[in-house]
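# Secondary and tertiary structure notes
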Amino acid sequence: MADCTPEWCAEITGLDPALVEEACVVWATRPEGQTYGNGGIHLQLAPDQIGNCTQSVRAILHLMYMTGNFDGPAGNRGLTRSPLDEQATGVPGSNMPQEVKAQLISLGVIPVEGVEPDPMNVPDRIETLSNMVSADRFPLLAYYNEWSDATRIWNACIEGDPYPLKGGINESGSFMNMSNANLAWEALSKLDFWVDINMFHHPGTEMADIILPCQHWLELNNIRVSQGASGGIGLTQRAIEPPADTKFDYDINRLLFETMERHGSPNGTWTNIAGDGPGAYHHDDRLEDWFQNNSKTNPKVKWEHWEDFRQDFQENGWINAKEIEPDRWGTYRRFETGWMRMGKDACTGKLFTCDEKGEPVNNFGCPTPTALVEFWPLLFENYCVDRANEIEPGRYDLLHEMMPHFDEPASGPGGGQVDLEEYPIILTTGRRIPVYFHSEHRQLPWCRELWPAPRLEMNPADAEKLGLKQGDWAWIETEWGKVRQCVDLYHGIAPGWANAEHAWWFPELPAPTHGFTLSNIECIWDPYGQDTHISSHHMRGVPVKIYKATPENCPDGKVIPCAPEDGTQIICDASDPRLKEWLPNYDIREEA
């Protein structure tokens, strides 16, 4: 840290070094007699997308540990699991085929029956998942088995490296938010088979060979555990019966697994399925199974049946988790009581033991192999640095990587790859739009009326230098692509910065692309601008050039984006008459 002075910080961030130092001192200095820190640092989403995610997050965690803000009042408390987990499905291994159970035991997913688990014996998942796409470049991903690198997936589809991918299933997601959207579109076009599980048509469904309609949350009964430390337990209750040809995403997945399982083991069954024939599986049956299983094995679950839980919620509303589990929810310093290592998201969480009352036994400490806060994390050393160097000798310097440091991503302003004279504006994206959620709702007339076109927020001083006014269409360009968005002058953006909107596509334009290539900011990212350790892509803090769209520099001579297929102009004004054509017909007599 010797070279990381406030002045060094100011060169990167543009902040006043005196204010940087003052903020650090005020935050880290406790009043005399105070036994806890002054408050945690809320990471939020942005660090995931800055191209240097792993080391940035590690630096913040180390600050949290050193200043006494670890699982204390106002500090970073971390995840708390509820006795009702909406993702749980019952007792692991209770009715699995033996060959399936044996495989899960070998992966460390469930413990060996009758054998006391060893928290230091972390299973080597790399050996099992070494063939996963991107495991060679990002071995930590194979260890966690949560995701693969998007660009490596697209390359496998296009080039067959490390092996060809021929098919896939998308579950209510969007390729438009992953890596570079143009590269993703090319990859999807190469697949032999593509299934999309969704509620609405969009560019991804247009690529699908089969579309499976899923259900909306207003059409479902399900357990709901609130996010955050508030500890609210409740449910979503079906407000309307779903269409007969739809299923809950979870049930679609379970039925796929059932089919594959029966193909390999005709007599095996993983779940209790009510009835026979098509459509016999019911989501409510799974909820009933869950309550019956867990009420017998977990003394903290007081409801024997799903209907008991539903009635309790109807009569009494949200349940305060702190009242039914005060040891887990109502306390701090859980590393001293055993509750911190509980839960499936802890690396040793699958190995915990409880007594007959459901209390943790011999499980104290943090969710690490050593049970300690690790400034030198053993998992990171083994599954990231060492494994990566085995695959590609000399890739990482151990001493450099094991302590958090700032390495500017190659596609960042200080990465040395981008000419800042040609690309002088620093672009961020990903902020929430009040009427949309990522790529959702562009097809709803009410939403498009409120927010008809993608907006590029710019400081008025920058816009004036570039000859841009409110409402002008402007090009946003990098060496990897360019798109157009509508200028929105905003004093809240610092000079030299701009904020573009993500995930835009236009239902009014022809299939299959629906014009996502015209304005979707994900079309301009460096597909290889990933974090070097976990592959999260560089989407914020990217140098770009911005200039006015004119008939001369637009490919069709039209400043407002139009479909290249037939010249249809996008809807960019709330008064566009096409929005009224999208309105549903609620006149029952006319329908009759």
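Being a predicted model, the structure only gives us computed values, none of them experimental.

A separate point is the overall build of the protein chain. Scanning the protein chain from terminus to terminus reveals 21 helices and 12 strands. Burial statistics for the protein chain: of 592 residues in total, 45% are counted as buried. In the protein chain, 65% of the contacts between residues at least 6 apart in sequence involve partners at least 24 apart. Carbon together with sulfur atoms contributes 55% to the accessible area of the protein chain, which is approximately 30,300 Å² in total.

Taken as a whole, helix 8 (residues 181–190) has its buried residues at Ala181, Leu183, Ala184, Trp185, Ala187 and Leu188. Where helix 8 is buried, its residues meet helix 7 (150–159), strand 2 (193–198), helix 9 (203–206) and helix 19 (516–519). The N-capping residue of helix 8, defined by a side-chain oxygen 3.0 Å from the backbone nitrogen of Asn182, is Asn180.

By convention here, two paired aromatic rings are described through the distance between centres and the angle between planes. Applying the stated criterion to the full structure yields 17 aromatic pairs. When the ring of Phe291 is compared with that of Trp306, the centres are 6.3 Å apart and the planes differ by 50°; the resulting orientation is tilted. Within this pair, whereas Phe291 is found in helix 11 (residues 283–297), its partner Trp306 is found in helix 12 (residues 306–316), the two being separated by 15 residues in sequence. The buried category is assigned to Phe291, whose relative accessible area is 0%. Look at Trp306 and you get buried, because its relative accessible area is 6%. Aromatic side chains Phe313 and Trp318 sit 5.8 Å apart centroid to centroid with 80° between the ring planes, which places their arrangement in the edge-to-face category.

Moving on to the environment of Arg540. Residue placement: Arg540 occurs in the loop between helix 19 and strand 12 (542–548). Measuring from C-alpha to C-alpha, the distance between Arg540 and Ile50 comes to 5.2 Å, with 490 residues separating the pair along the chain. With near-sequence residues (within four places) excluded, Arg540 lies in contact with Leu45, Ala46, Gln49, Ile50, Leu427, Thr428, Thr429 and Gly430. A polar side-chain atom of Arg540 sits 3.3 Å from the main-chain carbonyl oxygen of Thr429.

A word on the confidence of the model for the protein chain. On average, residues of the protein chain score 83 in pLDDT, and 83% of them reach the 70 mark or higher. Every residue in residues 265–281 scores below 50 in pLDDT, and together they form 39 contacts with partners more than four places removed in sequence or on other chains. Scored below 50 in pLDDT, residues 344–351 shows 29 contacts in the model against residues more than four places distant or in partner chains.

The biggest cluster of nonpolar side chains holds 37 residues, and the ones touching the most others in it are Leu427, Leu456, Ile476 and Ile546. Mapped by element, the contributors of at least two residues to this core are helix 7, helix 8, strand 7 (425–429), strand 8 (455–458), strand 9 (473–478), strand 10 (481–489), strand 11 (497–500) and strand 12. Looking at which element gives the most residues to this core, the answer is helix 8, with 6 residues. With sequence-adjacent residues up to four places away left out, Leu427 is seen in contact with Leu456, Ile476, Ala498, Asn499, Ala500, Ile521, Ile524, Trp525, Arg540, Gly541, Val542 and Val544. One finds Leu141, Ala142, Phe380 and Met402 within the second-largest nonpolar core, a separate group that totals 19 residues.

This part is about the sheet that holds strand 1 (residues 167–171). Strand order in the open sheet formed by 3 strands is 1-2-3, with parallel pairing between adjacent strands. The sheet is open, and its two borders are formed by strand 1 and strand 3 (210–213), each paired with just one other strand. Taken over all neighbouring pairs, the strand axes of this sheet differ in orientation by 15° on average, direction set aside. Across 5 bridges, the pairing between strand 1 and strand 2 is parallel. By the bridge assignment for strand 2, Glu171 is matched with Ile197.

What follows covers the state of the cysteines. Applying the stated criterion to the full structure yields 0 disulfides. There is no disulfide at Cys9, and the cysteine sulfur nearest it, in Cys24, is 7.5 Å away. When its relative accessible area of 18% is taken as the criterion, Cys9 is described as buried.

The omega angle of the peptide bond from Asp161 to Pro162 is 10°, so this bond is cis rather than trans. The omega torsion across Ala511 and Pro512 is 5°, close enough to zero to call that bond cis. Phi is positive for Gln44, close to 55°, though the residue is something other than glycine. Within the element layout of this structure, Gln44 appears in the loop between helix 2 (17–28) and helix 3 (53–66). Its identity as a non-glycine residue notwithstanding, Asp71 has a phi of 55°, on the positive side.

With that settled, consider the pairing of strand 9. When you tally the buried positions in strand 9, you get 6 out of 6 residues, the bulk of the element. With burial as the criterion, each face of strand 9 is covered, one bearing Trp473, Trp475 and Glu477 and the other bearing Ala474, Ile476 and Thr478. Relative to strand 10, strand 9 runs antiparallel, the two being bridged by 6 bridges. Along strand 10, the bridge assignment pairs Thr478 with Gly481.

Take a nonpolar patch on the surface next. Taken together, Leu63, Met66, Phe375, Trp376, Leu378, Leu399 and Met403 make up a surface patch of nonpolar side chains, about 650 Å² in accessible area. What makes Met66 exposed here is its relative accessible area of 56%.

Okay, the sheet that holds strand 8 next. Strands sit in the order 7-11-8-10-9-12 around a closed barrel of 6 strands; the barrel is mixed. When the angles between neighbouring strand axes are averaged without regard to direction, this sheet yields 45°. Alignment of strand 8 against strand 11, held across 3 bridges, turns out to be antiparallel. The residue bridging Leu456 from the neighbouring strand is Ala500, located in strand 11.

Thresholds applied
- Residues numbered from 1 in each chain as written.
- Predicted model: local features only at pLDDT ≥ 70, side-chain atom pairs only at ≥ 80, totals over all residues.
- Heavy atoms only, no water.
- Helix = DSSP H or I, 4+ residues; strand = E, 2+ residues; numbered from the N terminus.
- Buried < 20%, exposed > 50% of the residue type's maximum accessible area, 1.4 Å probe, protein only.
- Contact = heavy atoms within 4.5 Å.
- Areas by Shrake-Rupley, 256 points an atom, 1.4 Å probe, with all protein chains shown as cover.
- Polar contact = N/O pair within 3.5 Å; in protein donor to acceptor, adjacent residues only side chain to side chain.
- Phe/Tyr/Trp six-rings, centres within 6.5 Å; stacked < 30°, edge-to-face > 60°.
- pLDDT = per-residue confidence, 0-100.
- Core = buried A, V, L, I, M, F, W, Y, C linked by side-chain atoms within 4.5 Å.
- Pairing = 2+ DSSP bridges.
- Axes fitted to C-alpha atoms, helices over the stretch in contact; angles between N-to-C directions.
- Disulfide = S-S within 2.5 Å.
- Patch = residues over 30% accessible without salt bridge, like charges linked within 9 Å, V, L, I, M, F, W, Y side chains within 5 Å.
- Salt bridge = Lys/Arg side-chain N within 4 Å of Asp/Glu carboxyl O.

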